[in-house]
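Residue-level structural notes
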Amino acid sequence: MGRKLNRAYLVITLCGTLGVILGGTASRAELNQCLTAEVVTDNCLTQNPVVETIEGMGVGLVAGAGAAVGATWQLWRRDT
């Protein structure tokens, strides 16, 4: 039982980390796309890039860890 629990924590940590990386990258790419558009909006110019990247990373963390928890819980229920 302990081995399965350790694997579950590993999967959740790994998916959360990947979510942080992908969320930050996607947020940064969206901001760069906004700034290189033909018509730059006021919203683009007033955004703080660091804050936007951190928000994207937070959303990625929640999404990745949530997906991992859901998948792990489903597999755990199937095994019992």
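Residues numbered from 1 in each chain as written. Predicted model: local features only at pLDDT ≥ 70, side-chain atom pairs only at ≥ 80, totals over all residues. Heavy atoms only, no water.

**Some points on the overall build of the chain**
The cut-off we apply is this: Secondary structure elements follow DSSP: runs of H or I of four or more residues count as helices, runs of E of two or more count as strands, with numbering from the N terminus. For this measure, only C-alpha atoms enter the radius of gyration; the expected value for a globule follows 2.2 Å times N^0.38, where N is the number of residues. Three labels apply to residues, based on accessible area from a 1.4 Å probe with only protein chains included: buried if under 20% of the type maximum, exposed if over 50%, partly exposed otherwise in between. Contacts are residue-level and defined by heavy atoms, with any inter-residue pair within 4.5 Å sufficient. In these tables, accessible area is a Shrake-Rupley quantity obtained with a 1.4 Å probe, and a residue counts as shielded only by the protein chains included in the view. Positive charges come from Lys and Arg alone, negative charges from Asp and Glu alone, with His and the N- and C-terminal ends not counted. One atom stands in for each charge, and that atom is NZ of Lys, CZ of Arg, CG of Asp or CD of Glu.
What the chain contains, in helices and strands, is 3 helices and 0 strands. Ordered by position in the sequence, the α and β elements of the chain form the string α-α-α. A compact globule built from 80 residues should have a C-alpha radius of gyration of about 12 Å, whereas the chain, at 17 Å, is more than 25% larger. Dimensions of the chain, computed from C-alpha atoms along their principal axes, come out at roughly 55 × 20 × 15 Å. Relative to its 80 residues, the chain shows a buried fraction of 18%. Put simply, 79% of the contacts in the chain that link residues at least 6 apart link residues at least 24 apart. Here the chain has roughly 6,100 Å² of accessible surface; of this, 65% comes from carbon and sulfur atoms. On the chain, the mean spot of the 6 positive side-chain charges and the mean spot of the 6 negative ones are 29 Å from each other.

**Focus on the environment of V40**
Within the element layout of this structure, V40 appears in the loop between α1 (2-35) and α2 (42-46). In this view, V40 contacts C34, L35 and L45; residues no more than four positions away in its chain are not counted.

**Topic: the side chain of S27**
Checked against the element boundaries, S27 lands in helix α1. Dropping the residues within four chain positions of it, S27 is found in contact with E52, T53 and G56.

**Quick word on a nonpolar patch on the surface**
The condition that has to hold: Exposure above 30% relative accessible area and the absence of a salt bridge qualify a residue for a patch, where like charges join within 9 Å and nonpolar side chains (Val, Leu, Ile, Met, Phe, Trp, Tyr) within 5 Å. Just to be clear on terms, a salt bridge is a Lys or Arg side-chain nitrogen sitting within 4 Å of an Asp or Glu carboxyl oxygen.
Taken together, L5, Y9 and W76 make up a surface patch of nonpolar side chains, about 300 Å² in accessible area. By the secondary structure assignment, W76 is in helix α3 (residues 49-79).

**Thoughts on the state of the cysteines**
What counts, and what does not: Throughout, disulfides are identified as pairs of cysteine sulfur atoms within 2.5 Å of each other.
The tally for this structure, following the rule as stated, stands at 1 disulfide. The residue that forms a disulfide with C34 is C44, at a sulfur-sulfur distance of 1.2 Å. Of this pair, C34 sits in helix α1 while C44 sits in helix α2, placing them 10 residues apart in sequence. Relative accessible area serves as the criterion here: at 24%, C34 is assigned to the partly exposed category.

**Let's talk about the environment of L35**
By the secondary structure assignment, L35 is in helix α1. Considered as a pair, L35 and W73 are 38 residues apart in the sequence and their alpha carbons are 41 Å apart. Among residues more than four places away in sequence, those in contact with L35 are V40, C44 and L45.

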